[in-house]
Amino acid sequence: MIQHCPTPTELDDLELLVSGAYAPLTRFNEPGSVVTLDLPDGATEAELVDPEGLPLARVAADGSLEPLTHAQYGPFRRLHLTPAQAREQHAGATFVPVVDALSEADLEELRGLGRVVFVALMGTGTSSLSPVALVRATLAAADLLDKAAVVAVPLPAHGDAEADHALGAQVVRTYAGDDPVHALTDPSAGRAQDLPAAIAAIVDEDQPAPEEQGLVLFFTGLSGSGKSTLARALMDLLLEQGGRTVTSLDGDVVRRHLSAGLTFSKADRETNIRRIGWVAAEIARHGGVAVCSPIAPFAETREQVQAMVEAAGGAFFLVHVATPLEECERRDRKGLYAKARAGEIPEFTGISSPYEEPVDPAVRVDTTGRTIEDALDDVLVALDEAGYLHLRGTDG
Ligand SMILES: Nc1ncnc2c1ncn2[C@@H]1O[C@H](COP(=O)(O)OS(=O)(=O)O)[C@@H](OP(=O)(O)O)[C@H]1O
Ligand SMILES: Nc1ncnc2c1ncn2[C@@H]1O[C@H](COP(=O)(O)OP(=O)(O)O)[C@@H](O)[C@H]1O
């Protein structure tokens, strides 16, 4: 039987299927259900493992589950009660679903309800807050009420608003059992202007202003288009003007270290870009700036990098260095195009290997006939307008 690590959404679903939160649903892939599991390469059964390889459950061909161990990772694990545990610990309370930071108005609405249990629906993609910040903000809200407790339920979003709403309502009912459920009248209506100070501080930390957010500047384009030159010039400005930590992930340099030994086959290029994306996402997670300048010829891999960066709370800023092939080949700074034309370098991007142009980059720069400062200015203006970096160029 194969081992398989499900997606974050599938891991959330697995926990809720096993805990009884989805009752009467107990298995993946029931007809018409949004609770689905994709196994790789046509496999019909598998041992499901967490990201660190701990076996969690076996899934059979009919989607049914045999639990092996409970998930043990992640912050606030102690608040992950099963519905049975929640009903036992909090019998007689009013259950209140929460998907966002609670405002003064929300709290006012709850005063007088007696004992309240917040059911923080903190699964993947449910809230605009990160899962951990949603729980932290809900604990802060509980502190502001007389008698309130928090249960964390990793109910994920499945991309179908109607089905997700129905599933959420059903899950909260299951947690409440015979006790009342109170849905807030206008959840998050008071957002921004009406958050208690302790909750506002948690939201601000989770959602930093664009100029404080981790940033991945990703230059893509043909060999010789000007990626490294522009990336280096931009990093110099950042270092000169200060205030941020900066890491370079240049294509050639990465291939000498992180990706040493990889070829230029499609599979190896994808591996190379995903490695860059993984490192860049970690840098962004810590609020730093990563400047990446690989060719990155495949749209799908670039999108995977974007997803990794955004999942880490960073902003992804794609710069297409759109210098045409003719100009890159005319420059042929490293003599590689001549060798590729002579058949000495196989699978050369633009000659014998594809480059998929980005459809919707944050900025597109053709460097042909322009100075470096002038071309860089296009990037600086776009970054300034997006609010991420406010750098002054050197040409005025
Ligand atoms: N077959 C082939 N195709 C493209 N490029 C080649 C090839 N062989 C070697 N080189 C040199 O490697 C640099 C590109 O590496 P990358 O890691 O950026 O490429 S990729 O993103 O994995 O496609 C690229 O550097 P840049 O010119 O800076 O882009 C080339 O110098
Ligand atoms: N406006 C410009 N912006 C960037 N590079 C330019 C520009 N005009 C000419 N060039 C030259 O083009 C070449 C680009 O090479 P490089 O930055 O290594 O490209 P890449 O990293 O995309 O392979 C350099 O020799 C650079 O001096």
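Residues numbered from 1 in each chain as written. Chains lettered and ligands numbered in written order. Predicted model: local features only at pLDDT ≥ 70, side-chain atom pairs only at ≥ 80, totals over all residues. Heavy atoms only, no water.

Enquirer: When you look at helix α13 (residues 372–386) in this model, what are you seeing that I'm missing?
Expert: For α13, with 15 residues, the first-to-last C-alpha span of 21 Å sits near the 21 Å given by 1.5 Å per residue. Looking at the buried positions of α13, the neighbouring elements they touch are β8 (215–220), α7 (227–241), β11 (315–321) and β12 (363–365). Of the residues trailing α13, Gly 387 is marked for its positive phi of about 90°. (Helix = DSSP H or I, 4+ residues; strand = E, 2+ residues; numbered from the N terminus. Expected span 1.5 Å × (residues − 1). Contact = heavy atoms within 4.5 Å.)

Enquirer: Sorry, what's going on with the pattern of salt bridges here?
Expert: When the charged atoms of two side chains with opposite charge come close together, those side chains can pair. Under the criterion given, the structure shown has 14 salt bridges. We note a salt bridge from Glu 15 to Arg 77, for which the minimum N-O separation is 3.4 Å. With a gap of 62 residues between them, Glu 15 in helix α1 (residues 8–19) and Arg 77 in the loop between β4 (65–67) and α2 (83–89) connect regions that are remote in the sequence. In this structure, Asp 374 and Arg 370 form a salt bridge, with 3.0 Å as the shortest nitrogen-oxygen distance. Judged by relative accessible area, which is 27%, Arg 370 ranks as partly exposed. Connected through salt bridges with shared partners, the residues Arg 27, Glu 30 and Asp 62 form a single ionic network. (Salt bridge = Lys/Arg side-chain N within 4 Å of Asp/Glu carboxyl O. Buried < 20%, exposed > 50% of the residue type's maximum accessible area, 1.4 Å probe, protein only.)

Enquirer: Teacher, can you tell me more about the sheet that holds strand β5 (residues 94–98) here?
Expert: What links the strands of a sheet is backbone hydrogen bonding, and the strands pair in either a parallel or an antiparallel sense. Ordered by their spatial adjacency, three strands build an open sheet running β5-β6-β7, and the pairing between neighbours is parallel. Edge positions in the sheet fall to β5 and β7 (148–153), since each of these pairs with one other strand and no more. When the angles between neighbouring strand axes are averaged without regard to direction, this sheet yields 25°. With five bridges joining them, β5 and strand β6 (residues 116–121) adopt parallel strand pairing. Residue pairing for β6: Pro 97 is matched across the bridge by Val 119. (Pairing = 2+ DSSP bridges. Axes fitted to C-alpha atoms, helices over the stretch in contact; angles between N-to-C directions.)

Enquirer: Sorry if this is basic, but what is going on with the nonpolar core here?
Expert: Generally speaking, soluble globular proteins have nonpolar side chains that are buried together. Residues Tyr 22, Phe 28, Leu 48, Leu 65, Val 153, Leu 155 and Tyr 175 are the most contacted members of the largest nonpolar core, which totals 33 residues. Mapped onto this core, the elements with two or more residues apiece are α1, β2 (46–49), β3 (55–59), β6, β7 and α5 (161–176). Counting residues per element, this core draws most heavily on α5, which supplies five residues. Beyond its immediate chain neighbours, meaning those up to four positions away, Val 153 contacts Leu 16, Val 119, Ala 120, Leu 121, Met 122, Gly 123, Val 171 and Tyr 175. (Core = buried A, V, L, I, M, F, W, Y, C linked by side-chain atoms within 4.5 Å.)

Enquirer: It is not clear to me how helix α10 (residues 299–311) should be interpreted in this structure. Could you clarify?
Expert: The α-helix advances 3.6 residues per turn, and as a result positions three or four apart in sequence lie on the same side. Taking 1.5 Å of rise per residue, the 13 residues of α10 would be expected to cover 18 Å, and the 18 Å separating its terminal C-alpha atoms lies within 8% of that figure. What α10 keeps buried is the set Thr 301, Arg 302, Val 305 and Val 309. Take α10 and look down its axis: the buried residues cluster within an arc of 105°, on one side only. Those residues of α10 that are exposed and angled more than 90 degrees off the buried face are Glu 300, Glu 303 and Ala 311. Turning to α10, the residues buried within the fold contact β8, α9 (266–285) and β11. Note on α10: the residue one or two positions beyond its end, Gly 313, has a positive phi of about 85°. (Arc of directions from axis to C-beta.)

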